[in-house]
Amino acid sequence: MAHFSREDETMVQAMLRQLFQSVKEKITGAPSLECAEEILLHLEETDENFHNYEFVKYLRQHICNTLGSMIEEEMEKCISDQNQGEESGYDTVVQHVTKRTQESKEYKEMMHSLKSIMIVVVDSMINRFEEDEIRSQERQKKIQKEKSSSYCTDNCSDSDSSFNQVRYEALQTLCSAPPSDVLNCENWTTLCEKLTVSLSDPDPVFSDRILKFYAQTFTLSPLHMTKEIYTSLAKYLELYFLSRENHIPTLSAGVDITNPNVIRLLKKVRLLNEYQKEAPSFWIRHPEKYMEEIVESTLSLLSVKHDQSHHVSQKILDPIYFFALVDTKAVWFKKWMHAYYSRTAVLRLLEKKYKSLITTAVQQCVQYFELCETMKADEALGHSKHCNSVSLTDLLVLFTQLIYYSPSCPKMTSAAHSENYSPGSMVTEVLRILCDQKECAIECLYNNTVIETLLQPIHNLMKGSEAAPNCSETALIHIADILARIASVEEGLILLLYGENMNSSEEESPTGAHVIARFSKKLLDEEISVFSGSEMLSVVKGAFISVCRQMYRTCEGLQVLIPYNLHESIAKAWKKTSLLSERIPTPVEGSDSVSSVSQESQNIMAWEDNLLDDLLNFAATPKGLLLLQRTGAINECVTFMFNQYAKKLQISRHKKFGYGVLFTQVASTAAGAIALQNSGFINALITELWSNLEYGRDDVRVTHPRSTPVDPIDRSCQKSFLALVNLLSYPVVYELVGNQDLPNKAEYSLREVPTCVIDIVDRLIVLNSEAKIRSLFNYEQSHVFGLRDFIIDGLSVERNHVLVRMNLIGGPLERILPPRILEKGEDPFPWPMFSSYPLPNCYVSKVTRNGDIKQDSDLGKLLLCFKMSDKQTEWIENCRRQFCKMMKAKPDIISGGATDANVKNESLSSVQQLGIKMTVRYGKFLKLLKDGAENDLTLVLKHCERFLKQQQVPIKSSLLCLQGNYSGHDWFVSSLFMIMLGDKEKTIQFLQQFSRLLTSAFLWLPRLHISRYLPVDTVESGIHPIYFCSTHYIEMLLKAEVPLVFSAFYMSGFAPSQICLQWITQCFWNYLDWIEICHYIATCVFLGPDYQVYICIAIFKHLQQDILQHTQTQDLQVFLKEEALHGFRVSNYFEYMEILEQNYRPVLLRDMRNIRAQST
């Protein structure tokens, strides 16, 4: 206290004044002294600038100087005690130190000193405040006296001054009374009129108090009362703008916000606007007439028009200009138009009484458009005098032109108003809103006129810099944003791909997709010189590639964009950017270049990630995945996908369903499997599965042991399991576990976590040792999971089902599978357990093939077709017609006949040998094959391998599937062998002739294994034409023909291509009955390979309800992979497939024939 000088007192006073000035509004707004004290006590929580106040800094420094050393000593002592195991009695060190500090002598002395200082400072400030208040009152009296004397003229008297005093006192009384009492008084109508007049009172203090009464009424009164105040204020403003006596600014003079009259006018407009924004939140609770009165009074005010001058610069500003100043983006109008309740009223009144408002709005846009310097006179939409006939499409065209013709507008300097108010940005926001409303977009945006306008600057830029001298990067980014939103919706995508006239050729009038693709390619190849060296060039490139991405990530879009080889251009740009990112120098601490290098590095890495994301999206379709693999960037793209997945990030702003479909597509190929493994994706999935299965979720607190799950699948493991189902297609399984032995360790640590697929097989499925069983915390639950997708109550029940399913071959009517759950009743499981051969008879279906079917005359006619001369050009069409007729009328005719054959058994691969045994077992069950068939089939397969090797080329590849012969079993040859009833000569002869047909490439998978008839890059990819051609078109047709099923796949994160690849690869074995398998093969042979696609579409159409149901239960993948195709018959869908042929055959056959071409 002795050291507190006069200078210190003055300094502290200044600090307190700064604090009080900063919180003045908060304190004065408090309803009571207690509330004001509460505001100050909680100021640190509510004021973000609290720690920047000088007074707060002063207190902090004072505390640090007084108590700092003591606090440090206490903290060291407390930490030392804890290290020695002593308990302080408090939860944290902070609590302990705080308590000791508050109890110390130093703390009490400091508080006493501070109180003494503050008493001196506050007393001094109070005394000074009282002196200032007295001087202020004297000065006010003097001013009032001078004002009264100035008002006194020849006719003035002392009564005038008294009258003014009475007015002030009356107004003060009015403001003190509850607003509800004022509005409910019997003289309110008269009072309202007087108040409205008083708003124009020459005394600014008096008019401001009237305005404060309006504000108070708005805040504290219900709608039916405030409505009258609102309409009163709106009417006043309407009359104010109509009056010639008021000096309203002109357009040329501008708005001087320092002018007292303008300030008062803006206050009134702002008050009205604040109520406009709040009214929609509660007016629905009141009768409609109250809302209509508010709406009509507002529209009436905004419709005020002055006589137009010949010169625009002399135009008197209308009310709308002042509303634009206080609410630049018309938030109030957005809120009014948001709900149907108010929108209906607004639109009805605009249509009936205030259509001029719409006309004026269009005129404003047109006038601005005509004033833009870059707009040529002959390109203008029209003049304002023609605005009454402007259509909605014309208006959207105008909006679009404003994006790239209007000059840029700098952002507002205020931190609170950092938004971009350029016309281009605001128009873009309007178009975004339209795009997000699908019905509105279809009605307004999706037409050639609007699309052509959006593409106009692109046309100009591709012609050269002279055609587009002032097209900014920002305008192009806005345009690309709108185009991407259009392309993300099916109707918009079709418009961009094919235009409104889908029959016109690309040469006649290139559609939007072709223009955008060309422009994007030129940008990537840096052939657009206008933006050379621009810092925003990469942003422009990314924006337009994003538009292309919305197209090429669909099957139909990729078909249109393939000629432009965008995957090559993007990959080239990525490789170039990747090299740049490696050359960025490591920033040195303390160097001035740290920030610039860091920013440059961030920009390059962001552009590199963007390009990887663009490449990754090619994997959304089967053919796109082939293109991605050809770029050599699949490993980096999958790693990028895994990093995004690990961060739980979405794929893009227009993508709705995460990474499931991309993951499934990648997991359908061998190269994709290796990429997934190298990226760590598979490791992460298996680790997550093991954690959930063996340890349980970390975020669930275990208070008692978990019971064995009885639900079809434990929810904690469902997501991990479905990810594995998506992953483990045959190409992936073979690539990841082929030629590997199980670890079969003598001992497994409980902390040893599986990291790959072979580990999961070893630890969960093949539990052939006590060591494996002892290594599981939840033996039954984990082993059931390994045996099957779903966790069922009862390990033995599940094991029995799996063993029967593995042993039996056949379609839905040809095998009987035991249930997977225990039944209710005294005998919960009446089925015998299958633990040794032979299989119990109860599992063998009694529905077998009748071998005595006689050849029908129609079939004879069909076979006669093959005896006709090759010179007769119509024999193929006759054959087709006879086949279709027979399939519709008597489909059971086509199945197969019986002969005997005995050939010595020859060794093949273990996979082929297993397949032979299964085939013979199935053939004997159907009474198609006899003893000795195993040797004949072995010989047939051996001949096939020798025959196909002659057409294969040696490939140096790390992919296991490309090292040697076809990796799987040849199910097509096995099926054909059964159709020929085990006759090896007929089978071999047929295959030799059949191999010449295009159909063989799509029915007989080994036919094109590392074949010299395919391009080298296609062979090296390890992707079969069935995947990049057949399943690609299956997805494309599915989207068009059965859209609900297509959407269900994407919602499930599963790709139709993967299940179709599985069906086709195994020739529908176990999915269809034998007769339907025969029909599938015969149909494709007789009618063409495109029928393979049509049959799959027919299957999806047949399964639509089941697919939708299993999408809801989140087990679609399991249903499709496990369940047979119940009730499906090829003959039932022949007419439907004929329609598909008429619509799609030219495109499909052209692409199927072009699989030999270097570029797909």
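Residues numbered from 1 in each chain as written. Predicted model: local features only at pLDDT ≥ 70, side-chain atom pairs only at ≥ 80, totals over all residues. Heavy atoms only, no water.

Per an unreviewed UniProt entry, the protein carries the name Protein broad-minded and comes from Daubentonia madagascariensis. The UniProt entry for the protein carries the following text under Function (unreviewed entry): "Required for high-level Shh responses in the developing neural tube. Together with CDK20, controls the structure of the primary cilium by coordinating assembly of the ciliary membrane and axoneme, allowing GLI2 to be properly activated in response to Shh signaling." Listed under Subunit (unreviewed entry) in UniProt, the entry text for the protein is "Interacts with CDK20, which promotes CDK20 stability and function. Interacts with FAM149B1; may play a role in cilium assembly." (UniProt positions renumbered as here; feature names shortened; annotations may be inferred.)

### Remarks on the pattern of salt bridges
One pass over the structure, following the stated rule, counts 32 salt bridges. Residue K277 pairs with E274 through a salt bridge whose shortest N-O separation is 3.6 Å. Highlighted residues: K277 and E274, both in helix α13 (residues 260–278), separated by three residues, approximately one helical turn. Judged by its relative accessible area of 33%, E274 is partly exposed. Note that E527 is salt-bridged to K522, the shortest N-O span being 3.5 Å. (Salt bridge = Lys/Arg side-chain N within 4 Å of Asp/Glu carboxyl O. Helix = DSSP H or I, 4+ residues; strand = E, 2+ residues; numbered from the N terminus. Buried < 20%, exposed > 50% of the residue type's maximum accessible area, 1.4 Å probe, protein only.)

### A word on the confidence of the model for the protein
With 77% of its residues at a pLDDT of 70 or more, the protein shows a mean pLDDT of 79. Mean pLDDT per element in the protein: helix α41 (residues 857–864) is the minimum at 46, and helix α53 (residues 1090–1102) is the maximum at 96. Scored below 50 in pLDDT, residues 849–873 shows 31 contacts in the model against residues more than four places distant or in partner chains. Confidence drops under a pLDDT of 50 for residues 896–906, and excluding neighbours within four residues, the segment shows 32 contacts in the predicted structure. (pLDDT = per-residue confidence, 0-100. Contact = heavy atoms within 4.5 Å.)

### Focus on the packing of aromatic side chains
Given two aromatic rings, one states the distance between the centres and the angle between the planes to describe the pair. Under the counting rule described, the total for this entry stands at 31 aromatic pairs. Taking 5.1 Å as the distance between ring centres and 35 degrees as the angle between the ring planes, the aromatic pair formed by Y230 and Y275 counts as tilted. On the criterion of sequence distance, the pair formed by Y230 in helix α12 (residues 223–242) and Y275 in helix α13 is long-range, its members being 45 residues apart. Among the residues examined, Y230 registers a relative accessible area of 0% and is labelled buried. Aromatic pair F1049 and F1054: ring centres 5.9 Å apart, planes at 25 degrees, arrangement stacked. On the accessibility criterion, F1049 (0% relative accessible area) is buried. On the basis of relative accessible area, F1054 is assigned to the buried category, the value being 0%. Here the aromatic cluster, defined as three or more aromatic residues joined through ring pairs, consists of F1049, F1054, W1063, F1068, Y1071, Y1080 and F1100. (Phe/Tyr/Trp six-rings, centres within 6.5 Å; stacked < 30°, edge-to-face > 60°.)

### Considerations on the environment of A543
If you trace the backbone, A543 turns up in helix α26 (residues 537–552). Taking the C-alpha atoms as reference points, A543 and N610, separated by 67 residues in sequence, lie 10.0 Å from one another. If we skip the residues at most four places from it in the chain, A543 touches I477 and A480.

### Here's the deal with the side chain of E735
Locating E735 in the fold gives a position in helix α36 (residues 730–737). K1121 provides the closest opposite charge to the buried, salt-bridge-free E735, at an N-O distance of 16 Å. Excluding residues within four positions of it along the chain, E735 makes contact with A670, A673, I674, S958, L959, L960 and C961. (Lys, Arg positive; Asp, Glu negative; His and termini not counted.)

### Things to note about the packing of helix α44 (residues 933–949) against helix α46 (residues 984–994)
Two elements in contact, α44 and α46, have axes separated by 10 Å at closest approach and are oriented at 20 degrees. By the angle between their directions, the pair α44 and α46 is classed as roughly parallel. Of the two elements, α44 crosses α46, and the hand of that crossing is right-handed. Every residue of α46 that contacts α44 at D936, L939, V940, H943 and C944 is listed here: K984, T987, I988 and L991. Its residues assigned to classes, the contact of α44 with α46 comprises five nonpolar, two polar and two charged. (Axes fitted to C-alpha atoms, helices over the stretch in contact; angles between N-to-C directions. Parallel < 35°, antiparallel > 145°, perpendicular 65-115°, else oblique. Left-handed = near helix turned anticlockwise from the far one by under 90°. Nonpolar A, V, L, I, M, F, W, Y, C, P; charged D, E, K, R; others polar.)

### Re unusual backbone geometry
Unusually for a residue other than glycine, I1010 sits at a positive phi of about 35 degrees. Residue position: I1010 is located in the loop between α47 (1000–1003) and α48 (1016–1021). Residue classification places I1010 among the buried positions, given a relative accessible area of 9%. Positive phi, close to 60 degrees, is recorded for Q1114, a residue that is not glycine. For Q1114, the position within the fold is in the loop between α54 (1104–1112) and α55 (1116–1122). Classification of Q1114 as partly exposed rests on a relative accessible area of 44%.

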